[in-house]
Amino acid sequence: MVFNKRIESNSSVILSNLIHFTSLDLILLSLFFYCILVKSAKEVTWTTTFAAINKEMKYILVTGGVISGIGKGVIASSIGTILKHCGLHVTSIKIDPYINIDAGTFSPFEHGEVFVLDDGGEVDLDLGNYERFLDVTLHRANNITTGKIYQQVIECERKGDYLGKTVQVVPHITDAIQEWVINVAKVPVTDDGKEPEVCIIELGGTIGDIEGMPFVEAFRQFQFRVSHESFCCVHVSLVPQPKSTGESKTKPTQASVKELRGSGLSPDLIVCRSEMPIIDEVKQKISNFCHVKPDRVICIHDCTSTYRVPLMLEEQGLIQFIGERLQLNIATPARPKKFMWKWRDLADRHDNVRKVVEIALVGKYTQLEDAYASVTKALQHSALFVNRRLNLSYIEATSLEEATKIENPVKYHQAWQILCRSDGVIVPGGFGKRGMEGKIAAVTWCRTTRKPFLGVCLGLQAAVIEFTRNVMNWKDANTTEIDPESPYPVVIDMPEHNSGQMGGTMRLGKRTTIFHGESILKKLYGNVGSIDERHRHRYEVNPEFVDKIEKAGLHFVGRDESETRMEIMELPVSTHPYFVATQYHPEYISRPLKPSPPYLGLLLAAVGKLQPYLNNAMASNTTSEDGENSDDDIVGILRRNISNVSLSATSTPVTPSHLSVKSPTVTD
């Protein structure tokens, strides 16, 4: 503006004396004005271009080498967590190279649990890590599979979108991958509706896998499609440390990086996964042979909890590297004293808590712990909130059945011993006949011994069957999934269930549950009228038997909006301290600082503090001599501090306010 006023002032002086100028003077004056205008235009263009570059989406590709399951998901989530604490909006994409359309039909024994999103997307369990770490709400499009990409390309070919051209992996498949990433990266994942600034992409599998090659080629092209300052590659590799020699072996990482570079991608940062910390000489060797600077080789060794990983990355200069490499506006040298203090507090409390709570999980996929990943996380969140270290025992449901007592009595009695010494029991979701009688036996034991019990999905159905058999004396009561001819089909398949097709035919995604009357779970949710939780089931309680079951003493205190689907089941407190089951999966939206209310209730009941919590009897906030909050104190703290608290300093929590619980206040 000052520059323009100066031009106007100078112009008026020149024009007032224009009559005295010669022809040569006029020519020189014209050239002078032309130069000024050109210079001004260039400055405006340069400034506009610079601003556009700064606003351009930043992409961080996380790849893995040597072995699968090395921890790429935790590394990707941790990078996103750090960036969110720096004030950036972050989203995540998980790429799974398998040909399946989604994870809905996977066996839990092969890939672990199927994680369900708000929109009903059945996705890889890594997206659960992203949501828990980043406190965001992802969508089904945030999970890319080979099946989805090929399905999209084939549909375009059938519609004639390619105008008769030969459809090939390059360019059609690779272009489809790039377009998918660009479009999904722009979708808001927080309640404030702001477009993300950074997109973290995890490429599943291992570099060199044949099924992942189209994706690697797509990103080889993608790095040139966007600017150099908008794309970087983080490679996670294993550095084995054989106990026989005790030294770190770098050859696997060298070979992995060589494979990656041979595919056209060069790592900007190498994250070395190892059992123990690696020394600087090993980092220098990896730097020399992998063509990266020594300070861009980071070690993440095995630690006490995944909460430590973001802190370890931050301590090794990740913020400075990302800020410089992607030209992000991050204040790297000096950060606030309380930077990531919630994460530090969480990690410290996880490591220092000494009292133990024993929980037994009765399921049918217990050979693979990842089959119940979200359940385990939700239990850990709640255990930490009640000041306990979780000791979770997995019990194979079939081991509790009478048939096992005959075939393998040792296994039978060991399973029952574990169940009987537990402080609380959870029966999670599942499908099929195997192990159902064992789950029902566990429910019977919990009900008759007043042991705290939580059933989830199939766990609710097992509890209803157990109650109708043993309390209402309907001995042949069953689910139509197991016995279609049962005279008492208390659990039936839903009308929309398509028995001819398995994928995507369940009741999926976020649904509303309305509370009816007073209940334990309603109090745990903050005495709200309704809640929104995620579902994944094909079978439900038969509404024809609901009235008779409730008259017998089992209450359905939560129902869907049509009031025909039973969502929450409870026994009265006068009958049992905590006998609760939900048709939905509350574990899917549990967060480290905002534990799921049903799981929190189970843990509070397991340590004998549920009623003080519900009655809000404890009001003191003191600390015992050993530095830990006492049992009574923690109840008072939890009850008093129900509020929206997020591990991410700038994000708006995606869970409803009635699900939010604030952690105990600590000082640096």
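How each quantity is defined
Residues numbered from 1 in each chain as written. Predicted model: local features only at pLDDT ≥ 70, side-chain atom pairs only at ≥ 80, totals over all residues. Heavy atoms only, no water. UniProt positions renumbered as here; feature names shortened; annotations may be inferred. Salt bridge = Lys/Arg side-chain N within 4 Å of Asp/Glu carboxyl O. Helix = DSSP H or I, 4+ residues; strand = E, 2+ residues; numbered from the N terminus. Buried < 20%, exposed > 50% of the residue type's maximum accessible area, 1.4 Å probe, protein only. Pairing = 2+ DSSP bridges. Axes fitted to C-alpha atoms, helices over the stretch in contact; angles between N-to-C directions. Contact = heavy atoms within 4.5 Å. Phe/Tyr/Trp six-rings, centres within 6.5 Å; stacked < 30°, edge-to-face > 60°. Lys NZ or Arg CZ within 6 Å of the ring centre and 35° of its normal.

Naming follows an unreviewed UniProt entry, where the chain appears as CTP synthase of Daphnia magna. Reading the Pathway (unreviewed entry) entry of the UniProt record for the chain gives the comment "Pyrimidine metabolism; CTP biosynthesis via de novo pathway; CTP from UDP: step 2/2."

K.L.:
Outline the pattern of salt bridges, listing residues and values.
P.N.:
Tallying each qualifying case throughout the model produces 30 salt bridges. For the salt bridge of E314 with R344, the shortest nitrogen-to-oxygen distance reads 3.2 Å. Here R344 lies in helix α13 (residues 341-352) and E314 lies in helix α11 (residues 308-315), a separation of 30 residues in the sequence. You can call E314 buried: its relative accessible area is 10%. Classification of R344 by relative accessible area gives partly exposed; the value is 29%.

K.L.:
Tell me what's going on with the sheet that holds strand β18 (residues 539-541), and back it up with residues and numbers.
P.N.:
Taken in spatial order, the three strands make up an open sheet running β14-β15-β18, and their pairing is mixed. The open sheet terminates on both sides in strands that have one partner only, identified here as β14 (477-479) and β18. Pairwise comparison of adjacent strand axes, ignoring direction, gives a mean angle of 25 degrees for this sheet. Here three bridges tie strand β15 (residues 488-493) to β18, and the two strands are oriented antiparallel to one another. Across the sheet, residue D493 finds its bridge partner in β18, namely Y539. Each of β14, β15 and β18 is contacted by helix α18 (residues 458-470), which is oriented at about 165 degrees to β14, the strand it contacts most.

K.L.:
Residues and numbers for the UniProt feature "transmembrane region" (unreviewed entry) in the chain, please.
P.N.:
The UniProt feature table records "transmembrane region" (unreviewed entry) at residues 18-38 and 59-83. Here residues 59-83 runs as 48% helix and 24% strand, with 12 Å between its end C-alpha atoms.

K.L.:
For the packing of aromatic side chains, give the residues involved together with the corresponding values.
P.N.:
What the rule picks out here adds up to 13 aromatic pairs. Consider the rings of Y98 and F106, whose centres lie 4.7 Å apart with planes at 85 degrees: the pair is edge-to-face. Residue F106 is classed as buried on the basis of its relative accessible area of 14%. Through pairs of rings, three or more aromatic residues link up here, namely Y59, F219, F222 and F231. In this structure, R538 is placed above the aromatic ring of F431, and the distance from its NZ or CZ to the ring centre is 5.8 Å.

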